[in-house]
Amino acid sequence: MPRESREVIFVDGVRTPFGKAGSLYAETRADDMVVNCIRELMRRHPQLPAERVDEVAIAATTQIGDQGLTIGRTAALLAGLPRSVPGYAIDRMCAGAMTAVTTVASGIAFGAYDVAIAGGVEHMGRHPMGEGVDPNPRILAEKLVDPSALVMGSTAENLHDRFPAITRERADAFAVLSQDRVQHAYEQGIIQESLVPVATRSAEHGWGLATADEPPRPGTTARTLSTLKTPFRPHGRVTPGNAAGLNDGASACLIASEQAAQQLGLPAAMRLVSYAFAGVDPEVMGVGPIPATQRALASAGLTIDDLGAIEINEAFAVQVLAFLDHFGIEADDPRVNPYGGAIALGHPLASSGVRLMIHLARTFRDQPQIRYGITTMCIGLGMGGSVIWENPHYQEADQ
């Protein structure tokens, strides 16, 4: 007998402040960062009995050391959830947390769960991207992918080659916009509301408390960015200023069926509409959000013009600009990353998908006239992921 799918909502999301790789969190464990996020979610929603959490899905790109060992299960235990609450680890590189959300959401829609925690962590200071990997030699020997596909910065340079209209100057201008918007969001107190303070320790400085993101560079100008070197290619266009850095951080969110949320008194910040993942040529992985978004829109019966808010991960400025150019959207469109993005805030790989959702949920709250929004990102090895959400406050604003 076929089941009827259930409505799925995003209840709330939190994250640690993001740090520069090996700096702020040099002596902080990756699993402890996740634990902080899970505990904060439970603290913010005391009406949710811990035993009602049906699953904990936590992503990490480099599943080794303190972000290995089925981290969803170990983090659940460390966070004090009942031993009856299961958990697992998941990996889709940069879209790890996004995939954790869509996976548990699918389980909720099917009826396997009522409430789940999904998130991601990346401690790039302890575990650089690619640590311990052993790519099959056939990948290169049989020319399954271009060698540049294994270096994310090189794939961004390839995008500049493919889209010559996206110049370094345009990329730098977008990077300045990201920095400015993050600074403004901090001044308005917007970003701080989702941050979980993390106790830090340093042999040099002793104990501390991380309460703000470390990567932002307020006051960045295009002139300053124009002086930066291009590490991936001589006379290239990708620089540390127009790309996200190497970062440490974690995120987590509560996902629930709409019915369970109503029963438990949990708020609805967003309602899931559709999602899609798509593959592209690995050497230009940055275009991945384009076909993923097209698929998600088609599944939802929507067009790009129906989206009143767009949260796109800023792995590289050129990747964002390729997406915007494809859909005919201006780089400074107020719908796009209104609170800034990863170029300023940082991109701890597997944790970033939930960070995008946190920002979109805030936009929905701030602008009830917006009905639909999207979170989208490129993914290493040639993929893209997109999730379309509906604003549950929209009808209230329409009355």
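Remember, predicted model here, so these are calculated numbers, not experimental data.

## Thoughts on the pairing of strand E8 (residues 247-257)
Move 1: Among the 11 residues of E8, 11 are classified as buried, and the element is accordingly described as predominantly covered.
Move 2: Neither face of E8 is exposed, since Asn247, Gly249, Ser251, Cys253, Ile255 and Ser257 on one face and Asp248, Ala250, Ala252, Leu254 and Ala256 on the opposite face are all buried.
Move 3: With seven bridges joining them, strand E1 (residues 8-15) and E8 adopt antiparallel strand pairing. If you follow Arg15 over to E8, its bridge partner there is Ser251.
Move 4: Sheet topology places strand E2 (residues 19-20) next to E8; two bridges connect them, and they run antiparallel.

## Concerning the packing of helix H6 (residues 168-187) against helix H10 (residues 317-326)
Move 1: It is the contact of H6 with H10, at a shortest axis distance of 9 Å, that shows an interaxial angle of 100 degrees. Considered as vectors, H6 and H10 are oriented roughly perpendicular to each other. Facing Arg170, Ala171 and Phe174 of H6, the residues of H10 in contact are Ala317, Val320, Leu321 and Asp325.
Move 2: Split by residue class, the contact of H6 with H10 holds five nonpolar, no polar and two charged.

## Let's talk about the UniProt feature "domain: Thiolase C-terminal" (unreviewed entry) in the protein
Move 1: Those places that UniProt annotates as "domain: Thiolase C-terminal" (unreviewed entry) correspond, in this numbering, to residues 270-390.
Move 2: What you have in residues 270-390 is 34% helix and 26% strand, and the ends, taken at the C-alpha atoms, are 6 Å apart.

## Side note on the pairing of E1
Move 1: Among the eight residues of E1, eight are classified as buried, and the element is accordingly described as predominantly covered.
Move 2: Where E1 and strand E9 (residues 270-279) come together, two bridges link them in antiparallel fashion. Within the sheet, the bridge partner assigned to Ile9 lies in E9 and is Arg271.

## As for the side chain of Thr62
Move 1: When you line up the elements, Thr62 lands in the loop between strand E3 (55-59) and helix H2 (71-78).
Move 2: Excluding anything up to four places from it in sequence, Thr62 contacts Gln67, Glu122, His127, Pro128, Met129, Gly130 and Glu131.

## So, the packing of aromatic side chains
Move 1: A full pass over the atoms with the stated rule returns three aromatic pairs.
Move 2: Between the aromatic rings of Tyr275 and Phe277, the centroid separation amounts to 6.2 Å while the plane-to-plane angle is 65 degrees, which identifies the pairing as edge-to-face.
Move 3: Note that Arg15 overlies the ring of Phe18, its terminal NZ or CZ placed 4.4 Å from the centroid.
Move 4: The ring of Phe277 has Arg92 lying over it, and the distance from NZ or CZ to the ring centre is 3.7 Å.

## A word on a nonpolar patch on the surface
Move 1: A surface patch of nonpolar side chains, amounting to about 410 Å² of accessible area, comprises Leu140, Leu150, Val151, Phe232 and Leu381.
Move 2: With respect to the secondary-structure elements, Leu150 resides in the loop between helix H4 (138-141) and helix H5 (152-162).

## A short note on the pattern of salt bridges
Move 1: Under the counting rule described, the total for this entry stands at 22 salt bridges.
Move 2: Across the salt bridge formed by Glu193 and Arg362, the nearest N and O atoms sit 2.9 Å from each other. Of the two residues, Glu193 sits in the loop between H6 and strand E6 (198-202) while Arg362 sits in helix H12 (residues 352-366), which places them 169 residues apart along the sequence.
Move 3: Its relative accessible area of 32% is what places Glu193 among the partly exposed residues.
Move 4: We note a salt bridge from Arg365 to Glu193, for which the minimum N-O separation is 3.2 Å.

Parameters at a glance
- Residues numbered from 1 in each chain as written.
- Predicted model: local features only at pLDDT ≥ 70, side-chain atom pairs only at ≥ 80, totals over all residues.
- Heavy atoms only, no water.
- Buried < 20%, exposed > 50% of the residue type's maximum accessible area, 1.4 Å probe, protein only.
- Helix = DSSP H or I, 4+ residues; strand = E, 2+ residues; numbered from the N terminus.
- Pairing = 2+ DSSP bridges.
- Axes fitted to C-alpha atoms, helices over the stretch in contact; angles between N-to-C directions.
- Parallel < 35°, antiparallel > 145°, perpendicular 65-115°, else oblique.
- Contact = heavy atoms within 4.5 Å.
- Nonpolar A, V, L, I, M, F, W, Y, C, P; charged D, E, K, R; others polar.
- UniProt positions renumbered as here; feature names shortened; annotations may be inferred.
- Phe/Tyr/Trp six-rings, centres within 6.5 Å; stacked < 30°, edge-to-face > 60°.
- Lys NZ or Arg CZ within 6 Å of the ring centre and 35° of its normal.
- Patch = residues over 30% accessible without salt bridge, like charges linked within 9 Å, V, L, I, M, F, W, Y side chains within 5 Å.
- Areas by Shrake-Rupley, 256 points an atom, 1.4 Å probe, with all protein chains shown as cover.
- Salt bridge = Lys/Arg side-chain N within 4 Å of Asp/Glu carboxyl O.

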